[in-house]
Amino acid sequence: MRLITLISFFIIFQSSACQSQMIEAEDAIQPAAWQTDLYLPLLEGKNVAAVVNHTSHIGNSHLVDSLLAMGVQLKTIFAPEHGFRGNASAGAGVKDAIDSLTGIPIISLYGPKNKPSKEDLADVD
């Protein structure tokens, strides 16, 4: 009888542990950027801007590069401190530029300008 009780307890414990691991995997917190199925339909056919820095990633790919690969029409990049690709040192001025990898205009939001102007948003939906 003790053996049956012990085996039953073991089976219940293992089942519970497996369910717990499945729940944890399903409920794992993901960054919003990774949840493309939720926001890509909202971007379809739109001219998009992104406020991103060098830490903005989907997996191992920069968010901008990922969005472009998914067909999003990215028109402008707004970059805070350290610049869009992380090339600027802490506290260094970040100037407006064109991203050499994508050709997309980068507007600095670090320094005297800390928010986009109406002109900066003119081509963005």
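To keep things clear, this report deals only with the structure shown in the data block. (Residues numbered from 1 in each chain as written. Predicted model: local features only at pLDDT ≥ 70, side-chain atom pairs only at ≥ 80, totals over all residues. Heavy atoms only, no water.)

Points about the pattern of salt bridges
Side chains that differ in charge, positive against negative, can pair when their charged atoms come close. Applying the stated criterion to the full structure yields 1 salt bridge. Across the pair Lys 113 and Asp 120 runs a salt bridge whose closest N-O atoms are separated by 2.5 Å. With relative accessibility at 26%, the residue Lys 113 sits in the partly exposed group. A relative accessible area of 14% means that Asp 120 is categorised as buried. (Salt bridge = Lys/Arg side-chain N within 4 Å of Asp/Glu carboxyl O. Buried < 20%, exposed > 50% of the residue type's maximum accessible area, 1.4 Å probe, protein only.)

Re the sheet that holds strand S1 (residues 47-51)
On the basis of which strands lie adjacent, the open sheet formed by 4 strands has the order S1-S4-S6-S5 and mixed pairing. The sheet terminates laterally at S1 and strand S5 (97-98), the two strands that pair on one side only. The pairing of S5 with strand S6 (residues 105-108) spans 2 bridges and is antiparallel. If you follow Ala 97 over to S6, its bridge partner there is Ile 106. (Pairing = 2+ DSSP bridges. Helix = DSSP H or I, 4+ residues; strand = E, 2+ residues; numbered from the N terminus.)

A closer look at the environment of Thr 102
Locating Thr 102 in the fold gives a position in the loop between S5 and S6. Each C-alpha atom, one on Thr 102 and one on Leu 74, is 9.7 Å from the other, the two residues being 28 residues apart in sequence. Within the structure, the side chain of Thr 102 is placed 2.7 Å from the side chain of Asp 99, a separation counted as a polar contact. At 3.3 Å, the side chain of Thr 102 forms a polar contact with the backbone nitrogen of Ile 104. (Polar contact = N/O pair within 3.5 Å; in protein donor to acceptor, adjacent residues only side chain to side chain.)

Treat this as a map of the structure, not an account of what it does.
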